[in-house]
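Chain residues, written in single-letter form:
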Amino acid sequence: MNKKDNFLKGFIKENPLFVLLLGACPALAITTSLENALGMSLAFLFVMVLSNTIISLISSSKKLRELIEPVRIAVYIVIIASLVTIVEMLMQAFLPELFNSLGVFISLITVNCIVLGRAEAFASKNSVGDSVIDGISMGLGYSFAIIIISLIREFLGNGTITIWGNLVLDLNGLFTFIGITPIPFFTTSAGAFMVLGLILAIIQAIKNKKEEKSKEMKKEAK
Amino acid sequence: MEKYLVSSAPYLRRADHNHTTTRIMVDLLIGLSPVILYSIFKNVVFPLIKGTTDVLGALYPLLTLVVSPIYSLLLEALCLYIMKKKDIKSFKDLIEELKVGYGIFPGLFIVLISPPQIKFWILLLSITIGEVVGKMLFGGFGQNIFNPAIVGRAFMAFAFSSEVSSSYLNVYEQTLDAYAGATPLIQFSTLETITYENAVSNFGSLLDFFIGSVPGSLAETSALCCIIGYIYLSVRKVIDYKVPLIYVATVFLNTLFIGLVLGQGIWYPTFNILSGGLMFGAVYMATEPVTSPKTNLGRIMNAMMLGVLTVLFRLVGNLPEGVATSIITMNIFSLVINKYCIHMRVDGKLDKNEVPGLVIFLVIFMGLFLYNIISFL
Amino acid sequence: MKKNLITGLTLGLFALICGLMLSVVNMITGPIIKIQNEEKAQLAIKEVCPQYDMNTFDSVEIEHSEQKEIVSILKVTSKEDASTIYCIYTIDVTGYASTIRMMICVNSSYEIVGYKVISSQETKGDIKAHDFNMTGKKNLDEFDKLAGSSVSSKAVRKCFNIALYYSHLDM
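Position numbers for residues count from 1 along each chain, tracking the sequence in the order it is written. Both sets of labels track the order of writing: A upward for chains, 1 upward for ligands. Selection of residues for local features in this predicted model requires a pLDDT of at least 70, selection of side-chain atom pairs for listing and counting requires 80 or more, and totals for whole chains, interfaces and linings are taken over all residues. Excluded from the side-chain calculations are hydrogens and water; all other atoms, namely the structure's heavy atoms, are used.

Asks: Can you lay out the overall build of chain A for me, pointing to particular residues and giving the numbers?
Replies: The numbering of helices and of strands both runs from the N terminus, where a helix is a DSSP run of H or I of at least 4 residues and a strand a run of E of at least 2. Across its full length, chain A carries 10 helices and 2 strands. Of the regular secondary structure in chain A, the N- to C-terminal order runs α-α-α-α-α-α-α-α-β-β-α-α. Dimensions of chain A, computed from C-alpha atoms along their principal axes, come out at roughly 70 × 65 × 25 Å. Residue exposure (1.4 Å probe, protein chains only): buried if accessible area is under 20% of the type maximum, exposed if over 50%, otherwise partly exposed. For chain A, with 222 residues in total, the buried portion stands at 43%. Relative to all contacts within chain A whose residues are 6 or more apart in sequence, the contacts with residues 24 or more apart total 75%. Here, Shrake-Rupley sampling with a 1.4 Å probe gives the accessible areas, and only protein chains in the shown set may cover a residue. Split by element, the accessible area of chain A, about 11100 Å² in all, is 68% carbon and sulfur. Distance between charge centres in chain A, computed from 19 positive and 16 negative side chains, equals 10 Å. Whether two residues are in contact is decided by their heavy atoms, any of which lying within 4.5 Å being enough. Working convention for charge: Lys and Arg count positive, Asp and Glu count negative, and His plus the chain ends are omitted. To locate a charge, take atom NZ for lysine, CZ for arginine, CG for aspartate or CD for glutamate.

Asks: Before we move on, can you summarise the packing of aromatic side chains with the specific residues and values?
Replies: We describe a pair of aromatic rings using the distance from one ring centre to the other and the angle between the two ring planes. Residue and element names in this part refer to chain B. Stacked, tilted and edge-to-face pairs are distinguished by plane angle, under 30 degrees for stacked and over 60 for edge-to-face with tilted covering the rest, among Phe, Tyr and Trp rings (Trp via its six-membered ring) whose centres lie within 6.5 Å. Scanning the model with the defined rule gives 24 aromatic pairs over all chains in all. The interplanar angle of 35 degrees and the centroid separation of 6.0 Å between the aromatic rings of Phe105 and Phe109 together place this pair among those described as tilted. Residue Phe105 and its partner Phe109 are both found in helix α4 (residues 104-112); the two are separated by 4 residues, about one turn of the helix. The exposure class assigned to Phe105 is buried, which follows from its relative accessible area of 5%. When the ring of Trp121 is compared with that of Phe160, the centres are 5.5 Å apart and the planes differ by 90 degrees; the resulting orientation is edge-to-face. Taken together, the positions of Trp121 in helix α5 (residues 120-133) and Phe160 in the loop between α6 (148-159) and α7 (161-165) put the pair 39 residues apart, joining distant regions of the chain. Assessed through its relative accessible area of 5%, Phe160 is described here as buried. Members of the aromatic cluster, connected to one another through ring pairs, are Tyr102, Phe105, Phe109, Phe141, Phe280 and Tyr284.

Asks: Break down the confidence of the model for chain C for me, citing the residues and quoting the values.
Replies: For every residue, the predictor states its confidence as a pLDDT score lying anywhere from 0 to 100. Within chain C, residue pLDDT values average 79, and 92% of them lie at 70 or more. Here strand β1 (residues 57-62) of chain C is the element of chain C with the lowest mean pLDDT, 74, and helix α1 (residues 2-48) of chain C is the one with the highest, 85.

Asks: Please set out the interface of chain C and chain A residue by residue, giving values where relevant.
Replies: In many analyses, interface size is given as the accessible surface area lost on bringing the parts together. Across the boundary between the two partners, chain C contributes 16 residues, which contact 20 residues of chain A. When two components associate, each loses some accessible surface as probed by a 1.4 Å sphere; the sum of these losses over both components is called the buried area. Carbon and sulfur atoms supply 82% of the area that chain C and chain A bury against each other, a total of about 1700 Å² over both sides. Definition used for salt bridges: Asp or Glu carboxyl oxygen within 4 Å of a side-chain nitrogen of Lys or Arg. At the junction of chain C with chain A, the criterion picks out 0 salt bridges. Here a polar contact is recorded for every N or O atom pair within 3.5 Å, except that within protein the pair must consist of a potential hydrogen donor and a potential acceptor, and residues adjacent in sequence are included only if both atoms are side-chain atoms. Seen at the junction of chain C and chain A, the total is 2 residue pairs in polar contact (both at pLDDT 80 or more).

Asks: Describe the sheet that holds β1(C), with residues and values.
Replies: All names here are of chain C. What the 5 strands build is an open sheet, ordered β1-β2-β3-β4-β5; its pairing is antiparallel. Bordering the open sheet on either side are β1 and β5 (112-119), each of which pairs with just one other strand. Strand-to-strand, the axes of this sheet are offset by a mean angle of 20 degrees, without reference to chain direction. When DSSP locates at least two bridges between a pair of strands, those strands are taken to pair. Where strand β2 (residues 70-78) and strand β3 (residues 84-94) come together, 7 bridges link them in antiparallel fashion. Bridging from a neighbouring strand, Ser72 pairs with Thr90 of β3. Note on method: axes are straight lines fitted to C-alpha atoms, helices fitted across the in-contact stretch only, with angles between N-to-C directions ranging 0 to 180 degrees. Most of the contacts of α1 go to β5, to which it runs at about 125 degrees, and overall it touches β2, β3, β4 (99-107) and β5.

Asks: Quick one: what's the story with the interface of chain B and chain A, residue by residue and with numbers?
Replies: Taken residue by residue, the interface counts 10 residues in chain B and 10 residues in chain A. Between chain B and chain A, the buried area comes to about 830 Å², and carbon and sulfur atoms account for 79% of it. Taken together, the connections running from chain B to chain A amount to 0 residue pairs in polar contact (both at pLDDT 80 or more). Secondary-structure elements contributing two or more residues to the side of chain B that touches chain A are α5 and α6 of chain B. Polar here means any residue other than Ala, Val, Leu, Ile, Met, Phe, Trp, Tyr, Cys and Pro, which are nonpolar, and Asp, Glu, Lys and Arg, which are charged; Gly is therefore polar. A breakdown of the residues in the side of chain B that touches chain A according to their chemical character gives 9 nonpolar, no polar and 1 charged.

Asks: Run through unusual backbone geometry, naming residues and quoting values.
Replies: The bulk of non-glycine residues show a negative phi, and the bulk of peptide bonds are trans. Its identity as a non-glycine residue notwithstanding, Lys237(B) has a phi of 60 degrees, on the positive side. Within the secondary structure layout, Lys237(B) lies in the loop between α12 (223-235) and α13 (242-262). The backbone of Tyr110(C) sits at a positive phi, close to 60 degrees, despite the residue not being glycine. When you line up the elements, Tyr110(C) lands in the loop between β4 and β5. A relative accessible area of 25% places Tyr110(C) in the partly exposed class.

Asks: Can you break down the pattern of salt bridges residue by residue, with the values?
Replies: Residue and element names in this part refer to chain B. Applying the stated criterion to the full structure yields 11 salt bridges over all chains. Among the salt bridges present, the one from Arg236 reaches Asp27, with a minimum N-O distance of 3.1 Å. Here the residue Arg236 occupies a position in the loop between α12 and α13, and Asp27 occupies one in helix α1 (residues 21-50), the gap between them amounting to 209 residues. Judged by its relative accessible area of 32%, Arg236 is partly exposed. Here Glu76 ties to Lys135 by a salt bridge, and the two come within 3.0 Å at their closest N and O atoms. Here Lys135 lies in the loop between α5 and α6 and Glu76 lies in helix α2 (residues 55-83), a separation of 59 residues in the sequence. We classify Lys135 as buried; its relative accessible area is 2%.

Asks: How would you summarise the domain arrangement of chain C if you had to cite specific residues and measurements?
Replies: All names here are of chain C. What marks off one domain from the next here is an automatic or database domain assignment. Along its sequence, chain C is organised into domain 1 (1-48) and domain 2 (57-170). Summarising the inter-unit geometry, the C-alpha centres of domain 1 and domain 2 are found 36 Å apart. At the junction of the two partners, domain 1 supplies 4 residues and domain 2 supplies 8 residues. Here domain 1 meets domain 2 over a buried area of about 520 Å², counting both sides, of which 76% is carbon and sulfur. Taken as a group, Ile45, Glu47 and Val48 account for 90% of the area that domain 1 buries against domain 2, more than any other trio of residues on that side. Here domain 1 is connected to domain 2 by 0 salt bridges. Taken together, the connections running from domain 1 to domain 2 amount to 0 residue pairs in polar contact (both at pLDDT 80 or more).

Written as structure tokens, this is what we have:
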């Protein structure tokens, strides 16, 4: 796998949320506005890259890796948890508004399966450079997914798109133009499940179509 | 244990040749006709006679009643075209697919259980959700887990709760001061002390509930029309006659005990089975062939659980209605009940290792039944 | 055995390093967070009690156990003679679909100075923005209920009732 593939895989092919379905809990809970999604993306990207870096650094020394082999999950969790706590404290101090709206879901990054999953499956087996790229790719892929969900949910549920703070794109005119109102249902968690489910269905449909095509190509080749 | 395969509904009996899917559809429409005719009379003709509105305002419910099934059918055709592009080569193929798809029913049922004055775009959006998400995404007729009509209605109820609760009165009822709350059940759920006077007398007498001249969704108010439809459909063997009977009987029994605890008379259970969508739901929704269990025993279990769940949601819980929610809840368990009962159906007798399942069911049922009563003590 | 011990010690070492890191970050952010929380609390008091001023008044939280609905009582006393001027009640009551939390400020002549619905998820009507017509009132005679939501209105009424009743005992 070259570096470019390694970087691009997080967006579509191995997208953590849309394909691997990891980390769905915070993704469904905080995607009520684009601002929340962006804040979560930043926090997540920070934790993801740093945890991948540190863990691949630890594992790069063979002796140390053998030493922590029986307790490696505990070590990973300690590292990830302290990174998350640092993010949490920084956010509470410097971005209190965002901290309030993200609430408990910042701390939940700790048990977000993607971080631990990448640490175990990728970072502990690959070089530091690759792991950093993997972290960035996964972080951006996750951000991409939750930003899409939050765009859909906020637009349908509120009629607005909150980019950051007071920078709000008001699209309610679009709704009144066709004579309807926004549907607050989509800002509830049930609406989140619905949006995620529909996106998953669309991605699956596209995938199936691609597979069918490649099968037909193979048949013709034979 | 041997494995048995449960294929998807509908099951046609070879005994009578006429019993094709088209035949079932026509029968179902005939069975629905008393309800539809009464709702047209109540919401369209009656306000016109009384002269409380102009023609356009009165015709609104009729318009929704006509447009919804057509819209639903068009959606189904569109979905079929997108999903099965390969199989559908010509227009004729599409018609053939539509014939076995029952495409009009989600739309028809949703409009029948919606408030008469609901906004058009809300209705159409709910039908879209019910038809596309509830039915076609699962693979079309016979493959869906949840009753598509109830999926759409539940979406409407939870997404637009204020819109829904404010559009129950039809044009005639809107001009009357007598109806303070929206429907009898919504008013009932806000009562502090329950007496016959403040629960029923606002809306007339229990006879009005039986005939259906109380505010409510388009077609659910008339118990009489539902019973007529029930008799026709049972005689034609389109639905299982046991399910509505057991469902309503369970609700009646459970609320009878609750009524005794509260010191109310026989009007209390009668009010509960006559009001809201219980009769309509029991006759037309709980008997839906695809999403309800397929064996005799399974259907009885399903109907009993529906009864206690309806009472739980309606009287103990926070939902004034509860019929749609309980049906959708039991849809989830259809698969389990099917798997359990199919062995018994094939063996023809109660096996030793099937007893625990029955015991578990009875414990859950009795537990809920008693819990409903105890929570009023 | 010895290897296991070293493994354990390594884990301990990692935890120690992480702990040190956390404490460093906490040293930087801790004071900022503390100031923010204090400001937030002051703002909340200010909203129900516009006359409140940090420089001339003290606020003390007092114990209360009789009524289970009362979450906390904040006694605002004058710095000069330590006399009680306001009592601020935070009260939880069950409404139609959720628990309604209200903050109600009562002054020493048992009048309601200000009130605010802090959290509620009631289904009908905007209960947070509704004016219940209670500012400057001593009793519930002119309580203006929110149309169309009888249960929620009743719950809010109960909040005022509790605050008015206990203000006579607490001051």
